[in-house]
Amino acid sequence: MLKRMEFAGSFADGGGQVRGDRSGVARAAIGLLAVLLLTVMLFSLTAGASDASAWMVVKHWLFSAVSPEELSQRDRIIVLEIRLPRIILGALIGSALAVSGAVLQGLFRNPLADPGLVGVSAGASLGAVGTIVLGGTILAPVAALLNIYTLPIMAFLGSLLTTFLLYGIATRRGQTSVATMLLAGIAIAALAAALTGALIYMADDQQLRDLTFWSLGSLAGATWAKIGASGSIILLALAAAPFLARGLNGLSLGEASANHLGIPVQRLKNVAIVTVAAAVGASVAVSGGIGFVGIVVPHLLRLMIGPDHRYLLPASALLGATLLLLADVVSRTIVAPAELPIGIVTAAVGAPFFLWVLLRRRGILDL
Amino acid sequence: MDKGLHRLAGISMRAGRAALLFSMLAMAVSSATTTSALAEETTRIEDSSRLISIGGSLTEIVYALGEEKRLVARDSTSLYPPEAGKLPDVGYMRALSPEGVLSVNPSGILLLEGSGPREALDVLKKASVPMVVVPERFTGQGVLDKIHGVGKALGIQDKADKLAASVGADLAAAEKAASSVKERKRILFILSMQGDRIMASGKNTAANGIIELAGGVNAIDGYEGYKQLTDEAIGKAAPDVILMMDRGGNHAVSPEQIFGNPAFAGTPVARTKKLVRMDALYLLGFGPRTAKAAHDLSVALYGDAAEH
């Protein structure tokens, strides 16, 4: 089944049935995934450390059928101020990470590509670590101005800056070299890691614990304000994704062939990189490091519905959101009333899966 | 081809600037509310029948006051007395989850300074759970302030005064003993040793506080917090005594391992081989047991003579 991945199964558009066409399966899968996502969202709304009844809140909210006496203020806060923003943010971030992974894998024509390759993660950590360590000293004026939003804003700026730097290095005479970008990405990530390391050295023990928690990722800080800021960026980026689908399908034949097909390859790269940087930057900024969603989700879907990006991208958004929400339910209930960082959950599930994919690929290469 | 990107970059930059401006405005409004929320002085919690204690030293104080029946949950740093470990754990004090905290249905929360994150506290405030933030200082007075703060929050000042008086007397005795020490020993507190790499405590740490209370001198004064030391810095620190946390079992670093480290060659401690180990929370908690910990440390450093 995986062999088909190397060929764009059905990018020959319209017309009659092409052999290996899985667009019917894909459409059905997208429908199913949408239903699944809605179900998981409702389930998440009812699951949590407390026994707050989401149903009561929804009834009160929609139909005013519940009298205020029946509904405690505490339950309302738990459902509307804690769980609901968290679910919406989780769904947005899960979609952003999965779609970004799918776009980058298409762009680099490398199934193991993830947002780390374009410097997003390294830049975001540098911004976040800088804020945690220097927030009380050098960056104190900035921190005073931006208050609790200092860290997400700095992480977002850090991710954008590194991506644009990398992009500038890899682009000569209007042509972006994917190979240069990959190699320069390693160098930039190492440089950012060195700066981050220097900051970690300066950190005191409390800051070190904050750093650890940030790097493990969490949706715990979800607020409506954060959804407004990072959610709008993520939505814009997700809205751009469908326009990339046809181009990415063409690109799977190689850059030269894609050019011959009339695909504006350079513009495709521009838009894809900006989209990914914005989506992942905005995600990492509010949630910290959440690994493996970007790699696991597109892979799983390629196995199921084939590599056609017209279906792969929306399906990735749906499945990414679903899986991250499920991981978050685990993270907030498994050690209740405490909380397990979600990065631990996604990595614990994602890493073995990733290994399995690697081994299967090896098996295919060895055949 | 690049035009598209330039246009996009232009648009995103403008959008970014607008977003930044907007968020700054929003911040200006919200910062006023959040800081005042945290600056709240230690006051009384109206209904203190179902409390969560966040911070090991605060939990210890509640137990020392004999008010543990009021506790419904604790944070993961609250490990003493051992009974406290049986309470539900709402997580690490700086990474609290608001729903987890609300799920034990608290009537009030005691928080040690530094608890968070801020978002969690904001939501808890919205849910109108009374919160009292108790300041953290690594001095004898800091311990007494904590006791008074907890007493006030629970509405049992009399009991707190009594506890503070007895802890205060012990602290005063420890301080007197410390001031009578003629030759202060230089103490190197080693937080951890990974191979030959040594993490030691500088200024502004609990370790520094307890060393001073016990009449010692922190051998490291060049930095704040806990950092890894170079071999030369260890030579320059010239410690007389090494102080470590007692982890027990197989986790403990053996004396051979420590004194076998060439970095210590030529320092006074290489001759005396004086190594003091104490329980982490006892030594560094800055709670009601701190006076005794300072005394124990002082005895370990100078012998029983320091007692008189």
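Cut-offs applied
- Residues numbered from 1 in each chain as written.
- Chains lettered and ligands numbered in written order.
- Predicted model: local features only at pLDDT ≥ 70, side-chain atom pairs only at ≥ 80, totals over all residues.
- Helix = DSSP H or I, 4+ residues; strand = E, 2+ residues; numbered from the N terminus.
- Buried ≥ 20, exposed ≤ 12 C-beta atoms within 10 Å, placed from the backbone.
- Contact = placed C-beta atoms within 7 Å.
- Rg over C-alpha atoms; globule rule 2.2 N^0.38 Å.
- Domains from an automatic or database assignment.
- Nonpolar A, V, L, I, M, F, W, Y, C, P; charged D, E, K, R; others polar.
- Axes fitted to C-alpha atoms, helices over the stretch in contact; angles between N-to-C directions.
- Parallel < 35°, antiparallel > 145°, perpendicular 65-115°, else oblique.
- Left-handed = near helix turned anticlockwise from the far one by under 90°.
- pLDDT = per-residue confidence, 0-100.
- Pairing = 2+ DSSP bridges.
- Expected span 1.5 Å × (residues − 1).

Draft legend 1. Representation of the overall build of chain B within the structure. The number of helices and strands found in chain B is twelve helices and ten strands. Counting every position in chain B, which comprises 308 residues, the buried fraction comes to 43%. Here the contacts in chain B between residues at least 6 apart in sequence split such that 61% fall between residues at least 24 apart.

Draft legend 2. Region of the structure containing the overall build of chain A. Each helix and strand in chain A was counted, giving 15 helices and two strands. Whereas a compact globule of 367 residues would reach a radius of gyration of roughly 21 Å, chain A reaches 21 Å, a difference of no more than 12%. Dimensions along the principal axes, computed over C-alpha positions, put chain A at roughly 65 × 50 × 35 Å. Sorting the 367 residues of chain A into buried and exposed places 52% on the buried side. Of all intrachain contacts in chain A linking residues separated by at least 6 positions in sequence, the fraction that spans at least 24 positions is 77%.

Draft legend 3. Examining the domain arrangement of chain B more closely. All names here are of chain B. Domains assigned within chain B are domain 1 (51-174) and domain 2 (182-307). Taken together, the 18 residues of domain 1 in the interface contact 16 residues of domain 2. By residue class, the composition of the side of domain 1 that touches domain 2 is eleven nonpolar, five polar and two charged.

Draft legend 4. Representation of the packing of helix α1 (residues 23-46) of chain A against helix α3 (residues 73-108) of chain A in the model. Residues and elements named next belong to chain A. Across the interface, α1 lies against α3 with an axial gap of 9 Å and an inter-helix angle of 150 degrees. One element, α1, and the other, α3, form an angle in the roughly antiparallel class. Seen from above, α1 lies across α3 with right-handed handedness. Along its contact with α1, which presents Met41, Ser44 and Leu45, the element α3 presents Val79, Arg83, Leu84, Ile87 and Ala91. Among the residues making up the contact of α1 with α3, the classes are represented as six nonpolar, one polar and one charged.

Draft legend 5. Here's a closer look at the confidence of the model for chain A. Residue and element names in this part refer to chain A. Looking at chain A, the pLDDT average stands at 84 and 90% of residues meet or exceed 70. Per-element averaging of pLDDT across chain A places helix α2 (residues 54-63) at the bottom with 70 and helix α14 (residues 309-333) at the top with 95. Counted against residues more than four places away or in other chains, residues 1-15, with its pLDDT under 50, gives 32 contacts.

Draft legend 6. Representation of the sheet that holds strand β4 (residues 131-134) of chain B in the model. All names here are of chain B. Within the open sheet, the four strands sit side by side as β2-β1-β3-β4. Their pairing is parallel. Taken across any chain shown, the strands that pair with only one partner, and hence form the sheet edges, are β2 (71-74) and β4. For this sheet, the mean angle separating the axes of adjacent strands, direction not counted, is 20 degrees. Looking at chain direction, strand β1 (residues 51-54) and β2 are connected through three bridges and run parallel. Bridge pairing in β2 links isoleucine 52 to alanine 73. Against the sheet, helix α2 (residues 56-64) touches β1, β2, β3 (108-112) and β4, its axis set at about 135 degrees to β1.

Draft legend 7. Quick peek at the environment of leucine 71 of chain B. Residue and element names in this part refer to chain B. Looking at the secondary structure, you find leucine 71 in strand β2. You can call leucine 71 buried: it has 22 C-beta atoms within 10 Å. For the pair leucine 71 and lysine 152, spaced 81 residues apart in sequence, the C-alpha separation works out to 16 Å.

Draft legend 8. Spotlight on the interface of chain A and chain B. Each side of the interface is counted separately: chain A has 37 residues, and chain B has 41 residues. When residues of the side of chain A that touches chain B are traced back to their parent elements, those giving at least two are α3, α5 (140-146), α8 (205-216), α9 (224-240) and α12 (265-287) of chain A. By residue number, the principal contributor to the side of chain A that touches chain B is α3 of chain A, which donates six residues. Split by residue class, the side of chain A that touches chain B holds 18 nonpolar, ten polar and nine charged.

Draft legend 9. The arrangement of helix α7 (residues 178-202) of chain A in detail. Its 25 residues place the ends of α7 of chain A 36 Å apart at the C-alpha level, agreeing with the 36 Å of an ideal helix rising 1.5 Å per residue. When α7 of chain A is considered as a whole, its buried residues turn out to be Met181, Gly185, Ile188, Ala189, Ala192, Thr196 and Leu199 of chain A.

Draft legend 10. Molecular detail of the packing of α2 of chain B against helix α5 (residues 140-154) of chain B. All names here are of chain B. One can describe the packing of α2 onto α5 by two numbers: an axis separation of 10 Å at closest approach and a directional angle of 65 degrees. For the element pair α2 and α5, the recorded crossing hand is right-handed. Two secondary-structure elements touch here, α2 through Ser57, Leu58, Ile61 and Val62 and α5 through Lys146, Ile147 and Val150.

Draft legend 11. A look at unusual backbone geometry. Residue and element names in this part refer to chain B. A cis amide bond links tyrosine 80 to the next residue, proline 81, at an omega of -10 degrees. Along the chain, the position of proline 81 falls in the loop between β2 and α3 (98-103). With an omega dihedral of 5 degrees, the bond running from glycine 116 to proline 117 counts as a cis peptide bond. Notably, lysine 273 is not glycine yet its phi reads approximately 50 degrees, a positive angle. Residue placement: lysine 273 occurs in the loop between α10 (268-272) and β10 (275-278).

Draft legend 12. Structural context of helix α13 (residues 293-305) of chain A. All names here are of chain A. Its 13 residues place the ends of α13 18 Å apart at the C-alpha level, agreeing with the 18 Å of an ideal helix rising 1.5 Å per residue. Along α13, ten of the 13 residues are buried, which leaves the element largely enclosed by surrounding structure. When we look at burial in α13, the residues that qualify are Val293, Gly294, Ile295, Val296, Val297, Pro298, His299, Leu301, Arg302 and Ile305.

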